[in-house]
Amino acid sequence: MAEIPVPHTLGLVLAGGLARRMGGGDKARIEIGGVTILDRVLACLSAQCTGIIINANGDPKRFADTGLEVVPDNVPDYPGPLAGILAGLDWLSRQNNGIEWLLSVPGDCPFLPDDLVDRLHAARRKMGAGVPLACARSGEWRHPVVGLWPLALRADLRKALVEEDLRKIEIWTARHGVAVADWLVEPVDPFLNVNTPEDAERAERIALQH
């Protein structure tokens, strides 16, 4: 049987989080093994995605060196990752380029897997046409911001954010059905995120070992 091709998918890096527990600044700019987390994320996604955009608020010029489009939230009061995902879907809709899928990843995960797009789409297809969303899990931990989002649900997401003031990703995804793709946590949890100086030290040790 012929292998089903993976749909063209736009990558979205959620880089809006300020590193308050790290002393401020953009977490994505923290260096792990001599390479910023952002550069690691972009290298990973560039091999899997049709294109990449960055969701960040504030001055977009701070990401000018990437050469990528920087898309701010377009819902007020910084309601969290769902607003970034909506901003990405809105941007994708305006391109009118035939791409119908968005992959979101946080900008503070230095070890993202190189089969993210393939396995998330495979998990979604396995669950059937009635399940339009997919997210990643490593070990017992689900990672709702590492997920696939169809352009078809853009209006519903905007309604949830603006009219219902919904903030929790998993409440919204549960309404529509979400497939889960699993990764091992050994030898490295691919979704380890860097929130604290201790996380950065741990990631640095991992980077030196692998």
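Parameters at a glance
- By convention here, each chain's residues receive numbers from 1 onward along its written sequence.
- Where totals are concerned, whole chains, interfaces and linings use all residues; where local detail is concerned, this predicted model gives features only for residues with pLDDT of at least 70, and gives and counts side-chain atom pairs only at 80 or more.
- To get the side-chain values, all heavy atoms of the structure are used, and hydrogens and water are removed first.
- Each residue's exposure class comes from its accessible area (1.4 Å probe, protein chains only) as a fraction of the maximum for that residue type: buried when under 20%, exposed when over 50%, partly exposed otherwise.
- The secondary structure listing takes helices from DSSP runs of H or I that are at least 4 residues long and strands from runs of E that are at least 2 residues long, numbered from the N terminus.
- DSSP calls a pair of strands paired once it identifies at least 2 bridges connecting them.
- Between N-to-C directions, angles span 0 to 180 degrees; the directions come from axes that are lines fitted to C-alpha atoms, helices contributing only their stretch in contact.
- Relative orientations are named as follows: roughly parallel for angles under 35 degrees, roughly antiparallel for angles over 145 degrees, roughly perpendicular for angles from 65 to 115 degrees, and oblique for any other angle.
- By the definition used in this description, the sense in which the near helix is turned from the far one sets the handedness, with an anticlockwise turn below a right angle giving left-handed and a clockwise turn giving right-handed.
- Contacts: residue pairs with any heavy atoms within 4.5 Å of one another.
- Ten residue types, Ala, Val, Leu, Ile, Met, Phe, Trp, Tyr, Cys and Pro, are classed as nonpolar, four, Asp, Glu, Lys and Arg, as charged, and the remainder, Gly among them, as polar.
- One speaks of a salt bridge when a side-chain nitrogen belonging to Lys or Arg is within 4 Å of a carboxyl oxygen belonging to Asp or Glu.
- Of all possible arcs, the one meant is that of the directions from the helix axis to the C-beta atoms.
- To form a nonpolar core, buried Ala, Val, Leu, Ile, Met, Phe, Trp, Tyr and Cys residues must be joined to one another through side-chain atoms within 4.5 Å.

Examining the pairing of strand E7 (residues 133-138)
The side chains of a regular strand alternate, first on one face of the sheet and then on the other. In terms of burial, E7 is a largely internal element, 5 of the 6 residues being buried. Where E7 and strand E8 (residues 141-150) come together, 5 bridges link them in antiparallel fashion. Residue pairing in the sheet places serine 138 in a bridge with tryptophan 141 of E8. Counting the residues between successive antiparallel strands, the hairpin from E7 to E8 contains 2 residues, one of them, glycine 139, with a positive phi of roughly 60°.

Comments concerning the packing of helix H4 (residues 154-162) against helix H5 (residues 169-176)
Working note: a packed helix pair is described by the angle between its axes plus the distance between those axes. Orientation of H4 relative to H5, taken along the N-to-C sense of each, is 140°, at an axis distance of 12 Å. Overall, the two elements H4 and H5 adopt an arrangement that is oblique. Handedness of the H4/H5 crossing: right-handed. On H5, the residues touching Asp156, Leu157 and Ala160 of H4 are Trp172, Arg175 and His176. For the contact of H4 with H5, the residue count by class is 3 nonpolar, 1 polar and 2 charged.

Describing the pattern of salt bridges
Summed over the entire model, instances satisfying the criterion amount to 10 salt bridges. Note that arginine 119 and aspartate 115 form a salt bridge whose closest N and O atoms lie 3.3 Å from each other. On the basis of relative accessibility, which here comes to 22%, the residue aspartate 115 falls in the partly exposed class. Among the salt bridges present, the one from glutamate 164 reaches arginine 175, with a minimum N-O distance of 2.6 Å.

A short note on helix H1 (residues 37-46)
Within H1, burial applies to Ile37, Leu38, Val41, Leu42, Cys44 and Leu45. Projected down its long axis, H1 carries its buried residues within an arc of 160°, all on one side. Next to the buried residues of H1 lie strand E1 (9-14), strand E2 (31-32), strand E3 (35-36), strand E4 (51-55) and strand E6 (101-106).

Observations concerning the nonpolar core
Grouped together as the largest cluster of nonpolar side chains are 71 residues, with contacts concentrated most on Val13, Leu103 and Val105. Ranked by residue count, the leading element in this core is helix H2 (residues 81-95), at 8 residues. Leave out the neighbours within four places in its chain, and leucine 103 touches Thr9, Leu10, Gly11, Leu12, Leu45, Cys49, Leu116, Val117, Leu120, Gly147 and Leu148.

What about the sheet that holds strand E5 (residues 69-71)?
Read from one edge to the other, the open sheet built from 7 strands follows the order E5-E4-E1-E6-E8-E7-E9, with strand pairing classed as mixed. At either margin of the open sheet sits one strand with a lone partner, and together these are E5 and strand E9 (178-183). With direction set aside, neighbouring strand axes in the sheet form an average angle of 30°. Where E7 lies against E9, 6 bridges are found, and the strand directions are parallel. Note on E9: the bridge partner recorded for leucine 133 is valine 178. Strands E1, E6, E7, E8 and E9 of the sheet are contacted by helix H3 (residues 116-127), whose axis makes an angle of about 135° with E9.

Observations concerning unusual backbone geometry
Each neighbour pair has its own omega, and for glutamate 186 with proline 187 the value is 0°, a cis peptide bond. Tracing the chain through its elements places proline 187 in the loop between E9 and helix H6 (197-209). Although it is not a glycine, asparagine 96 adopts a positive phi angle of roughly 50°. Looking at asparagine 96, the relative accessible area reads 72%, which means it is exposed. The backbone of aspartate 165 sits at a positive phi, close to 60°, despite the residue not being glycine. Among the structural elements, aspartate 165 can be located in the loop between H4 and H5.

Considerations on H5
Along H5, the positions that sit buried rather than exposed are Ile169, Trp172 and Thr173. Buried residues of H5, seen end-on, are gathered within an arc of 95° and therefore sit on one face of the element. Packed against the buried residues of H5 are H2, E7, E8, H4 and E9. One or two positions beyond H5, positive phi appears at glycine 177, with a value near 100°.

Shape is all these values report; function is a separate question.
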